[in-house]
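Below, each chain spelled out in residue letters.
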Amino acid sequence: MRRIVPILFLLSAACGRNPLLFRLGADYYPVSSIGSEWEYQVASGGGVITTVVDQIVMGERTCYRVQTGADYSYWISDEGRLEHYEDHRVMFNGYEVPVFQAWVTWLDWPLAVGASRTDSASTFAVSQGVTISHRWRRTTEVAGIGEAAGYEECYHLVMSETIIDWVQTGGFEPETSATTRDIWLAPDVGMVLKVTPDSTLTLVSYRPGS
Amino acid sequence: MKFLLPSFVLALSAAGLDLDVGVTAGSVFPVGSWGEQIGSGLSARAAVQWKPAARLGAGASLGIGIYGDEYDGDASVVMLSPEITGSFHLRPWGRSFNPGIEAGFGMNRTSMECAGGSDPASWDPFWRAGLRWDFGMGSGFRGAIGFDLASILSQRVSSDSFSILFRLSREVEL
């Protein structure tokens, strides 16, 4: 009996130290429930609310429409992946010219430390007789597992995005913009912390929808 | 430790005990939320059981289960499970009808890889139990078909699985 007690103690201590199976079963981006609401605090002041508004058809596919402030984004979480509707536009002569619209995989489930994916597109559009070329590349890497904004077992994503737009007419040069975002996703909650060069969003409250 | 196994074999030899040496293979299906992204897999287990009585067995085994991605992704989960086992069979003399039960308890090591990454492996206690239909196959071999229910007891969630199995074994007298 004196030998069994330490063994049982060791077994119980081993439980939950690394709940890999819990992470496997958790939804790290729950956008499939209408009414879900995330309230974020912005480090520079104020706050922003993200809500799953409804289900619509976008790009010939049924998706969930998510509102953040005045902006909408479109998501599908199905068949082992999270897809995002990319809607890239370039301003030219006072007009928004659509240059790339497509469903692109945002994340592959399940997440694993060290996993990475890269998506890219090279397109062009003609507006007012001028060719506008658009090159886009996004790399997402799962950098680690840890605690963020008070949530445990969060996956830390590092997302790098590069866009090169070129209005191919006199007086215009290719414009390159590169951004890096650090995003932490919590199990069954979603994004709890996002750090970009311009802002830091921290989750204040989350209310799951139905 | 390096003397433990030879000593164990020597002790069994000296006692003239019967051993049942077998391998089990089958299909395994995750049950519950942990299987939403992970599909069915294959399992295999090597076991040695001491037979203190014709109906009873006690021993140890080492199992491996390999699961694939439920969809077209490249995730894989590998589970290794050293365990102690026990079994009871109703009609050990039966040539074609020898129902029984088998159970095991041990530790399970789970590792997961996906898209070039891998999560840290986890060690958790686990148990399994199932029914067996044991039958003779000639030349001293016995076969069995059956199923197991298994559960990994991690703190936040228990992860269950169901497996359909075929076992091939042979009694060895030391």
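I will try to describe carefully the structure that is included in this document. (Residues numbered from 1 in each chain as written. Chains lettered and ligands numbered in written order. Predicted model: local features only at pLDDT ≥ 70, side-chain atom pairs only at ≥ 80, totals over all residues. Heavy atoms only, no water.)

### Focus on the overall build of chain B
For step 1, the next point in the chain: Secondary structure assignment for chain B yields one helix and eight strands.
For step 2, the next point in the chain: Each helix (α) and strand (β) of chain B, taken in turn from the N terminus, gives the series α-β-β-β-β-β-β-β-β.
For step 3, the next point in the chain: Expressed as lengths along the three principal axes of its C-alpha atoms, the size of chain B is roughly 50 × 40 × 25 Å.
For step 4, the next point in the chain: By residue count, 40% of the 174 residues in chain B fall in the buried class.
For step 5, the next point in the chain: A separation threshold of at least 6 residues defines the contact pool for chain B, and within that pool the share at least 24 residues apart is 55%.
For step 6, the next point in the chain: Positive and negative charge centroids in chain B, built from 13 and 17 side chains respectively, lie 12 Å apart. (Helix = DSSP H or I, 4+ residues; strand = E, 2+ residues; numbered from the N terminus. Buried < 20%, exposed > 50% of the residue type's maximum accessible area, 1.4 Å probe, protein only. Contact = heavy atoms within 4.5 Å. Lys, Arg positive; Asp, Glu negative; His and termini not counted. Charge placed at Lys NZ, Arg CZ, Asp CG, Glu CD.)

### Thoughts on the side chain of B:Arg132
Residues and elements named next belong to chain B.
For step 1, the next point in the chain: Structurally, arginine 132 is set in strand S6 (residues 117-138).
For step 2, the next point in the chain: Among the polar contacts listed, one links the side chain of arginine 132 to the backbone oxygen of phenylalanine 147, at a separation of 3.2 Å.
For step 3, the next point in the chain: Polar contacts involving the side chain of arginine 132 include one to the side chain of aspartate 148, which spans 3.1 Å.
For step 4, the next point in the chain: Leave out the neighbours within four places in its chain, and arginine 132 touches His89, Asn98, Pro99, Gly100, Glu102, Ile145, Gly146, Phe147, Asp148, Leu165 and Arg167. (Polar contact = N/O pair within 3.5 Å; in protein donor to acceptor, adjacent residues only side chain to side chain.)

### Section: the pattern of salt bridges
For step 1, the next point in the chain: Taken as a whole and assessed by the stated rule, the structure comprises 20 salt bridges over all chains.
For step 2, the next point in the chain: Bridged by salt links that share partners, the residues B:Arg45, B:Glu83, B:Glu102, B:Arg128, B:Arg132, B:Asp134, B:Arg142, B:Asp148 and B:Arg167 form one connected network. (Salt bridge = Lys/Arg side-chain N within 4 Å of Asp/Glu carboxyl O.)

### Topic: the interface of chain B and chain A
For step 1, the next point in the chain: At the junction of the two partners, chain B supplies 34 residues and chain A supplies 27 residues.
For step 2, the next point in the chain: For the pair chain B and chain A, the two sides together bury roughly 2,400 Å², of which 63% comes from carbon and sulfur.
For step 3, the next point in the chain: Considering only the surface of chain B that becomes buried against chain A, B:Gln37, B:Asp119 and B:Arg156 emerge as the three largest contributors, covering 25% of it.
For step 4, the next point in the chain: Taken together, the connections running from chain B to chain A amount to one salt bridge.
For step 5, the next point in the chain: A salt bridge links A:Arg23 to B:Asp119; the shortest N-O distance between them is 3.2 Å.
For step 6, the next point in the chain: Remark: the boundary between chain B and chain A carries seven residue pairs in polar contact (both at pLDDT 80 or more). (Buried area = accessible area lost by both parts, 1.4 Å probe.)

### Regarding the pairing of strand S1 (residues 18-31) of chain B
Residue and element names in this part refer to chain B.
For step 1, the next point in the chain: Note that S1 and strand S8 (residues 158-173) share 14 bridges and pair antiparallel. When the bridges of S8 are listed, serine 27 appears paired with isoleucine 164.
For step 2, the next point in the chain: Where S1 folds back on strand S2 (residues 38-53), the antiparallel hairpin that results is connected by six residues, among which glycine 32 adopts a positive phi of roughly 105 degrees. (Pairing = 2+ DSSP bridges.)

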